[in-house]
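Spelled out, the chains give:
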Amino acid sequence: MSYDLIIKNGKVILDTEAVVTDVAVTNGKIVAIGADLGEAKEVIDASGLVVSPGMVDAHVHISEPGRTEWEGYETGTKAAAKGGVTSFIEMPLNQLPATIDRESLNLKFDAAKGKLSVDVALFGGLVPHNLDRLNELNEDGVAAYKCFLATCGFDGVDNDFRNVDDYSFFAGMQKIAKMDKILAIHAENALICDELGKVAQAEGKTSAKDYVASRPVFTEVEAVRRAIYLAKIAGCQIHICHLSTPEGVEEVTRARNEGQKVTCESCTHYFAIDEEQFETIGTTAKCAPPLRDKANQDRLWEKLFAGEIDFVTSDHSPCPPDMKIGNAFTAWGGISGLQNNVDIMFDEAVQKRGMELTQFAKLIASNPADLYKLADKGHIAIGKDADFALIQPNAPYTLAAEDLEYRHKVSPYIGRTIGAQVVATVLRGSVIYDKENGVRDTHEGAFVLQNAKETVQ
Ligand SMILES: [Zn+2]
């Protein structure tokens, strides 16, 4: 028999070990793993390469429709393909209208038609005033829900995403629990961060360090604690997004040890850039929660290695370049990082700090896929989608603006020398990117939707 594709001679990251072996694919699925598999229509020689499950980036903002000038499905998913990200879960905010009901979800499906280079799963939004719409999002296949405890959305912009009040947060969790879904949470104390920011600006403070100081560690920890406490009473499984502090992670670990269903993520940028570098790079490295100092970053690495952080995401949150102009308070808070998760984390975690390949694959692919029940994703194993990132280790390159597939060639990593490269990306058995030919124009991506278990009123 002949397979569609065999990837030969690569160091393949399986769930429990990384071994030099071959992987065979038919009809987009992994069907055999081992030596001497036989014939295939297409053969990729991956000698000297690491064959990783394609990244499942569980935190990406695409901004289409409504703010397509910020990013968009065409450019965003091409950047994912080039970066070894074969699927991502898209956030319900930055696009207009925000994804908070059936109607807005359908607008998104329409907007993405024919534009996806990788697979996309979806978060539905929990905002004030959409408690009675959560169920329709579930029926239409969102993987999970997302809310903000920090201030979010522009005043005066219709249909922008807004942060929850305490009541909608709590009541929303009760509803989400009944659907057996997860609520992902941006955890920072809204009022304290806002007011500290105003005080700092009134005092004429404008620097990166001033901005970091206006969102101190305790504002993250307090929101994490509050979320965990209310989730326990509501009986809802929660996930804390983009933790920037080891103290925040410790809250999650404590609750988990006490038996509560809670997980957390951090982002590539918290491991790759510290506060000093933020000062040098400028506002392209502004995000919330903010980048923190080296000592904080070192301890965050310890938490990552210890398995206390479930996975790493990009929190890719681009905007037009003119919104990044200004000072550390006035510039848009979001980092474009989707294209450089895999290479930077491989360099920083595996090459520089000795992380096992199996742990690396869990952090970028298996754990997010498992948490959000993306059953076909995240593992190199028989029956799973044939999604791969082929990584060339010890192949440093310096990222240039023109390397980026984003709508705007803006990234805090421009000029950074990254010690490894994604040289090919495979989505359900099709090569969607390779270094020689670039990202294919075939748009083979699709939405990954989940069937609702039951209707909840
Ligand atoms: Zn985000």
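Reading the values: rules and limits
- The residue numbers shown here count from 1 along each chain, following its written sequence.
- Given that this is a predicted model, residues contribute local features only at a pLDDT of at least 70 and side-chain atom pairs are listed and counted only at 80 or more, while totals for whole chains, interfaces and linings are drawn from all residues.
- Heavy atoms from the whole structure form the basis of all side-chain values; hydrogens and water molecules are not counted.
- A side-chain nitrogen of Lys or Arg and a carboxyl oxygen of Asp or Glu constitute a salt bridge if their distance falls within 4 Å.
- By the criteria applied, helices consist of DSSP H or I runs no shorter than four residues and strands consist of E runs no shorter than two, each listed in order from the N terminus.
- Burial classes follow relative accessibility: with a 1.4 Å probe on protein chains only, a residue under 20% of its type's maximum area counts as buried, one over 50% as exposed, and anything between as partly exposed.
- Each residue carries a pLDDT score, the predictor's confidence in it, ranging from 0 to 100.
- Between two residues, a contact is recorded if the distance between any of their heavy atoms is within 4.5 Å.
- Whenever a nitrogen or oxygen atom comes within 3.5 Å of another N or O atom, the pair is scored as a polar contact, on the condition that within protein one atom can donate a hydrogen and the other can accept it, and that pairs from neighbouring residues in sequence are kept only if both atoms are in side chains.
- By this rule the span expected of a helix is its residue count minus one, scaled by 1.5 Å.
- In this analysis the local bend is the angle between axes fitted, respectively, to the seven residues ending at and the seven residues starting at the residue.
- Each pair of strands is called paired provided DSSP finds at least two bridges between the two strands.
- Here the axes come from fitting lines to C-alpha atoms, over the contacting stretch only for helices, and the angles between their N-to-C directions go from 0 to 180 degrees.
- UniProt positions are given in the numbering used here, feature names are shortened, and annotations may be inferred rather than shown by experiment.
- Two helices crossing with the near one rotated counterclockwise from the far one by less than a right angle form a left-handed crossing, whereas a clockwise rotation gives a right-handed crossing.
- Here a cavity denotes grid points, spaced 1 Å and computed from the protein atoms alone, that fit a 1.4 Å probe unable to get out, and a pocket denotes an open set having protein on both sides within 12 Å along at least 5 of 7 lines; residues with an atom within 4 Å of a point are the lining.
- We call an atom a donor if it is N, O or S and sits within 2.8 Å of the metal, or 3.2 Å for Na, K and Ca. Water is not counted, so some sites may look partial.

J.: For the pattern of salt bridges, give the residues involved together with the corresponding values.
T.: Two side chains carrying opposite charge are able to pair once their charged atoms lie near each other. Inspection of the entire model under this criterion finds 37 salt bridges. Among the salt bridges present, the one from Lys-41 reaches Asp-4, with a minimum N-O distance of 3.0 Å. Taken together, the residues Lys-41 in strand 4 (residues 39–45) and Asp-4 in strand 1 (residues 2–13) connect sequence positions 37 residues apart. You can call Asp-4 partly exposed: its relative accessible area is 25%.

J.: Explain the confidence of the model for the protein residue by residue, including any values.
T.: Per-residue pLDDT for the protein averages 97, and the proportion of residues at 70 or more is 99%. Ignoring residues within four places in sequence, the model shows residues 453–457, a span with pLDDT below 50, making 10 contacts including any to other chains.

J.: Quick rundown of the environment of Ala-112? Include the residues and the values.
T.: Looking at where Ala-112 falls in the secondary structure, it is placed in helix 2 (residues 102–112). C-alpha separation for the pair Ala-112 and Asp-274, spaced 162 residues apart in sequence, amounts to 35 Å. With near-sequence residues (within four places) excluded, Ala-112 lies in contact with Tyr-73 and Phe-447.

J.: So what about the side chain of Glu-64? Which residues, and what values?
T.: Its location among the elements puts Glu-64 in the loop between strand 6 (55–60) and helix 1 (73–82). At 2.8 Å, the side chain of Glu-64 and the backbone nitrogen of Tyr-73 are in polar contact.

J.: Pulling in residues and values, what's your account of helix 13 (residues 357–371)?
T.: An α-helical turn contains 3.6 residues, so any two residues separated by three or four positions project in the same direction. If you check helix 13, its first and last C-alpha atoms are 20 Å apart, about what 15 residues at 1.5 Å a residue would give, namely 21 Å. The sharpest bend along helix 13 comes to roughly 55°, located at Leu-363. For helix 13, the tally of buried residues reaches 12 of 15 residues, placing the bulk of the element in the interior. Remark: Lys-373 follows helix 13 within two positions and exhibits a positive phi of approximately 55°.

J.: Any chance you could break down the sheet that holds strand 12 (residues 262–267) for me, citing the residues and the numbers?
T.: In spatial order, the strands read 6-7-8-9-10-11-12-13; together these 8 strands make up an open sheet with parallel pairing. Each having just a single partner strand, strand 6 and strand 13 (311–313) make up the two edges of the open sheet. Between one strand axis and the next, the sheet turns through 30° on average, direction left out of account. Of the strand pairs in this sheet, strand 7 (residues 85–90) and strand 8 (residues 119–125) are connected by 4 bridges, and their pairing is parallel. Looking at the pairing, Ile-89 lines up with Ala-121 of strand 8.

J.: Which residues make up the UniProt feature "modified residue: N6-carboxylysine" (unreviewed entry) in the protein, and what are the values?
T.: When the UniProt feature table is mapped onto this chain numbering, "modified residue: N6-carboxylysine" (unreviewed entry) sits at Lys-146. Along the chain, Lys-146 turns up in strand 9 (residues 144–148). In this structure Lys-146 comes out as buried when scored by relative accessible area, which is 0%.

J.: Describe in detail helix 7 (residues 217–234), supporting the description with residues and values.
T.: The first and last C-alpha atoms of helix 7 sit 26 Å apart over 18 residues, in line with the 26 Å expected at 1.5 Å per residue. On its buried face, helix 7 is in contact with helix 4 (166–178), strand 10 (182–186), helix 5 (190–202), strand 11 (237–240), helix 8 (246–257) and strand 12. At the exit of helix 7 stands Gly-235, carrying a positive phi of roughly 70°.

J.: Go over the packing of helix 12 (residues 341–351) against helix 13 with me, naming the residues and quoting the values.
T.: Between helix 12 and helix 13, the least distance of the axes is 11 Å, while the angle of their chain directions is 140°. Relative to helix 13, the crossing made by helix 12 is right-handed. For the pair helix 12 and helix 13, contact is made by Val-342, Met-345, Phe-346 and Val-350 and by Leu-357, Phe-360 and Ile-364, respectively.

J.: Quick rundown of the UniProt feature "binding site: Zn(2+) 2" (unreviewed entry) in the protein? Include the residues and the values.
T.: In the UniProt entry, the feature "binding site: Zn(2+) 2" (unreviewed entry) is given for Lys-146, His-186 and His-242. Spatially, the listed residues are clustered: although they cover 97 residues, their C-alpha atoms lie within 12.4 Å of one another. Taken from the residues named earlier, the lining of the largest pocket is made up of Lys-146, His-186 and His-242. Its place among the elements puts His-186 in strand 10. Excluding residues within four positions of it along the chain, His-186 makes contact with Lys-146, Cys-147, Phe-148, Leu-149, Ala-150, His-242, Ala-288 and Pro-289.

J.: Hey, could you go over the coordination of the zinc ion for me, with residue numbers and the actual values?
T.: Bound to the zinc ion on the protein side are His-59 (NE2), His-61 (NE2) and Asp-315 (OD), at distances that span 2.1 to 2.2 Å. In the primary sequence, the donor residues of the zinc ion line up as H-x1-H-x253-D. Note that His-59 is positioned in strand 6 and Asp-315 in the loop between strand 13 and helix 12, a separation of 256 residues in sequence. You'll find His-59 and Asp-315 in the same group, each marked buried.

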